[in-house]
Amino acid sequence: MTGAVLSYGVATHYADRVANESLAQTGRAIARQIRDAGGHLELSSPVVETLGAERISEIKLFYAVSTVPGELIAGNRHLPAPPPPPVQSQENISYTDTEIGGSAFRLATLYYPLPRAIHGEDRWLLVQVAKGMERHEQLTREILLVTALPLAALIIVMSWFVRWGIGRGLKPLTGLKSLMEKRDPQDLAPLELTDAPEELDALTHALNHLLTTTNENVARQRRFIADAAHQLRTPLAGLKSQTELAMRETTPEGLRDRLNMVHSSATRSIHLVNQLLTLARSEPSNQTSMTQVKVDLAKLIRELTAESVPRALAAGMDLGCDSALLEAQINGNSALLRELFVNLVENAIKYVPRGSSITVRLNQEGERYVVEVEDDGPGIPDAQKPRIFERFYRVNQNDGNGCGLGMAIVKEIAERHHGSVALLDAQPHGLIVRVELPITPLEPAA
């Protein structure tokens, strides 16, 4: 559409230009035929005068020569009124479209200043020339055909090349679409495209990254489900066995003993389920559990230590808090951070012998807060320290009170807060669990 409008505009412009030049040449030729004949102006050539007398339908040419102000020298008296003469004394020409006898004409109006020798005042010679528009329209059509036909052919050819180029360029996308449609939903292996253009590399890389991440998440979930099923099978089987034995008891004392064992088994099962749920929330793939708020580590450490003191006293241990900071604000998930430090204190109470001391410390080192839980128990052999953070690993495999998830949870939560956890030896004996968390900048209060 734009090409057609442009072609029509070009054709009209050049047809108007040719018609105007023709009218101007005719008007100047007529003006050159004017001569002074004893005090009045007249045409020197009878041919032009004869031409002006022909009928409109045959020649389609009209002219009129007159003085302004003054009288008609030669030509047709019924041409449209001319525009006013120019201000400056020099040749002036203008073009307009008009109608004469119901037909369309192109009219040229030429003004020439008359010498003062002829008339003692400033006067103008007016020449008007009108030609029919048939020739103009024919010329417009010819120019339009000359320009539009090659342009149309060029558009057709270019459209074919563009379609061919787009089809060739999108062919790898078609192959990618076919590859994805034929792929099994369980197949999360990276895509392999041969002869793919550079523009498709970024898309392929993004898809492969998505597939790899999804595969890792699925593998993590499968591993979690398998571990959970394996760990839950034993306490649930024990709970079922104790229940069956309790049903066979005939004495109140025996029934009470069995129910106590059922209660202990149910308690361990609940603890295991809670640890599994905490581990699931702390995994990197679970983004919904990482709502961040302002957390005061100093206040959190003091509160958790105070809450754990009764249990420590019941286990015959001395639990204390040593914080060098009155306030330690960070951005983090309060529930997960609370679970992290609860696990550290609970593990210390659970695995060190009676009469031991446990100290929870909070300090600042550079741009990090450091929380240490130190005990003076037997410690952990160096050979076993790297495995402490593995899921379901216990230093004493014969200890049925733990499930081996506490330190794995601590590690997951610390890493989700861009921190780290390490195991150090205490002097002269014991263990220090050291957690480092970055001091995140707080947003100014509104």
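Residues numbered from 1 in each chain as written. Predicted model: local features only at pLDDT ≥ 70, side-chain atom pairs only at ≥ 80, totals over all residues. Heavy atoms only, no water.

1. Some remarks on the pairing of strand 12 (residues 368-375)
Then step 1. Taken across its eight residues, strand 12 has seven buried, putting it largely inside the fold.
Then step 2. In terms of strand pairing, strand 11 (residues 357-365) meets strand 12 through eight bridges, oriented antiparallel. Residue pairing across strands places T359 opposite E374, the latter belonging to strand 12.
Then step 3. Connecting strand 11 to the antiparallel partner strand 12 that follows it, the hairpin turn spans two residues, and G366 within it adopts a positive phi of roughly 65°.
Then step 4. Across eight bridges, the pairing between strand 12 and strand 14 (residues 431-438) is antiparallel. Following the sheet pairing, V371 is matched in strand 14 by V435. (Buried < 20%, exposed > 50% of the residue type's maximum accessible area, 1.4 Å probe, protein only. Helix = DSSP H or I, 4+ residues; strand = E, 2+ residues; numbered from the N terminus. Pairing = 2+ DSSP bridges.)

2. Section: the side chain of E372
Then step 1. You can see E372 is positioned in strand 12.
Then step 2. Of the polar contacts made by the side chain of E372, one reaches the side chain of R434; its length is 2.8 Å.
Then step 3. Ignoring sequence-local partners within four residues, the contact set of E372 consists of T359, V360, R361, I432, V433 and R434. (Polar contact = N/O pair within 3.5 Å; in protein donor to acceptor, adjacent residues only side chain to side chain. Contact = heavy atoms within 4.5 Å.)

3. Quick word on the environment of N343
Then step 1. By secondary structure assignment, the location of N343 is in helix 8 (residues 334-351).
Then step 2. Taking relative accessible area as the criterion, N343 reaches 5% and is therefore assigned buried.
Then step 3. In the structure, N343 is positioned 66 residues away from I409 in sequence and 8.0 Å away in space, judged by C-alpha atoms.
Then step 4. Reaching out from N343, the side chain makes a polar contact with the backbone oxygen of E339 at a distance of 2.7 Å.

4. Looking at empty space enclosed by the protein
Then step 1. Inspection of the entire model under this criterion finds one cavity of 30 Å³ or more.
Then step 2. Considered as a void within the structure, the largest cavity measures approximately 40 Å³ in volume.
Then step 3. If you trace the largest cavity, you find it lined by I301, L304, T305, F341, L344, V345, V360, V371 and V373.
Then step 4. Of all the secondary-structure elements, those providing two or more residues to the lining of the largest cavity are helix 7 (297-314), helix 8 and strand 12.
Then step 5. Per-class residue counts for the lining of the largest cavity are eight nonpolar, one polar and no charged. (1 Å grid on protein atoms, 1.4 Å probe; cavity = no way out; pocket = protein on both sides within 12 Å on 5 of 7 lines; lining within 4 Å. Points joined across faces, edges and corners; volume = space filled by probe spheres on them. Nonpolar A, V, L, I, M, F, W, Y, C, P; charged D, E, K, R; others polar.)

5. Remarks on the confidence of the model for the chain
Then step 1. Of all residues in the chain, 78% attain a pLDDT of 70 or more, and the chain-wide mean is 77.
Then step 2. Scored below 50 in pLDDT, residues 49-57 shows ten contacts in the model against residues more than four places distant or in partner chains.
Then step 3. When the criterion is pLDDT under 50, residues 442-446 qualifies, and its contacts beyond four places in sequence or with other chains add up to five contacts. (pLDDT = per-residue confidence, 0-100.)

6. Points about the pairing of strand 3 (residues 61-68)
Then step 1. Taking burial as the measure, the eight residues of strand 3 include seven buried ones, the bulk of the element.
Then step 2. Of the pairings in the sheet, the one linking strand 3 to strand 7 (residues 124-132) comprises eight bridges and is antiparallel in character. Following the sheet pairing, A64 is matched in strand 7 by Q128.

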